[in-house]
Amino acid sequence: MYIIKESYKIYEIVNDYDGFEGFMLGKSGHIFKIKGQRIINIKIINKDLAAPLVKKVIFNKYESLIKMLTELLTTDDDTGTTLIEALNRIEKFRQLVKNKYRIYLEKKELDFMARELRNMQNEAKRRYLELSNNYYYKNEINKSGKAR
């Protein structure tokens, strides 16, 4: 990353900031136009400036995850693949927030998301255990020819 300094109305590269932790603005390789100049890969290293942007990004991802999880949990799948997919998506989002965005979010926001995701995760686990118990019970009936 580079910082751009205005010098006699000409923009020049001043320093390399690859070593700093920060929030990448936009997608990788996205081109921004600032005062007629094309800028690629803007990294915000000030936490106070990055926090509102991160909150917006994370809560958009969180809302789309909740919609997807409700769809996955309401489907009638006897194999349990949708439940495993829901558990994988929850864990992936949890790891993303923990490793990448935790420093930008407040504790109450993290607690809110964790509580909701924990409830969804518990529901998925409960339904998966019911499916696996039903599968085991049906196989025992088929093997012995009668219920125990």
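Per chain, residues are indexed from 1 in the order of the written sequence. Confidence filtering applies because this is a predicted model: local features only for residues at pLDDT of at least 70, side-chain atom pairs given and counted only at 80 or more, and all residues used for totals across whole chains, interfaces and linings. Neither water nor hydrogens contribute to the side-chain values; these are computed over all heavy atoms in the structure.

1. Here's the deal with the overall build of the protein chain
Next, step 1: Counting its secondary structure elements, the protein chain contains three helices and six strands.
Next, step 2: Across the 148 residues in the protein chain, those meeting the buried criterion constitute 23%.
Next, step 3: Contact between two residues is taken to exist if any of their heavy atoms lie within 4.5 Å; hydrogens are not considered. At a minimum sequence separation of 6, the contacts of the protein chain that also span at least 24 residues come to 53%.
Next, step 4: Here the accessible surface of atoms and residues is derived via Shrake-Rupley with a 1.4 Å probe, and residues count as covered only by protein chains that are part of the display. A total accessible area of about 11,200 Å² is found for the protein chain, and carbon and sulfur atoms account for 53% of it. Helix numbering and strand numbering both begin at the N terminus, where a helix is a DSSP run of H or I of at least 4 residues and a strand a DSSP run of E of at least 2. Each residue is assigned to one of three classes by its accessible area relative to the maximum for its type, calculated with a 1.4 Å probe on protein chains only: buried under 20%, partly exposed between the two thresholds, exposed over 50%.

2. A word on helix 1 (residues 47-74)
Next, step 1: Here helix 1 is 28 residues long and its end C-alpha atoms lie 39 Å apart, about the 40 Å a rise of 1.5 Å per residue gives.
Next, step 2: By the burial criterion, the buried members of helix 1 are A50, A51, V54, I58, Y62, L65, I66, L69, L72 and L73.
Next, step 3: Here a polar contact is recorded for every N or O atom pair within 3.5 Å, except that within protein the pair must consist of a potential hydrogen donor and a potential acceptor, and residues adjacent in sequence are included only if both atoms are side-chain atoms. The N-cap of helix 1, judged by a side-chain oxygen 3.0 Å from the amide nitrogen of D48 a few residues on, is N46. Multiplying 1.5 Å by the residue count of a helix minus one yields the expected span of that helix.

3. Describing the nonpolar core
Next, step 1: One finds V54, I58, L69, F93 and L117 to be the most contacted residues of the largest nonpolar core, which totals 24 residues.
Next, step 2: Where this core is concerned, the elements lending two or more residues are helix 1, helix 2 (81-101) and helix 3 (107-144).
Next, step 3: A per-element tally of this core places helix 1 first, with nine residues. The criterion is simple. A nonpolar core is a set of buried Ala, Val, Leu, Ile, Met, Phe, Trp, Tyr and Cys residues joined through side-chain atoms within 4.5 Å.

4. Quick word on the packing of aromatic side chains
Next, step 1: Between rings of Phe, Tyr and Trp, where Trp is taken as its six-membered ring, a pair exists when centres lie within 6.5 Å; planes separated by under 30 degrees are stacked, by over 60 edge-to-face, and by other angles tilted. Under the definition given, this model contains five aromatic pairs.
Next, step 2: The interplanar angle of 65° and the centroid separation of 6.4 Å between the aromatic rings of F23 and Y104 together place this pair among those described as edge-to-face. Residue F23 is located in strand 3 (residues 23-25), and its partner Y104 is located in the loop between helix 2 and helix 3; the two are separated by 81 residues in the primary sequence.
Next, step 3: Residue class for F23 comes out buried when judged on its relative accessible area of 7%.
Next, step 4: What links up through ring pairs into an aromatic cluster is the set F59, Y62, F93 and F112.

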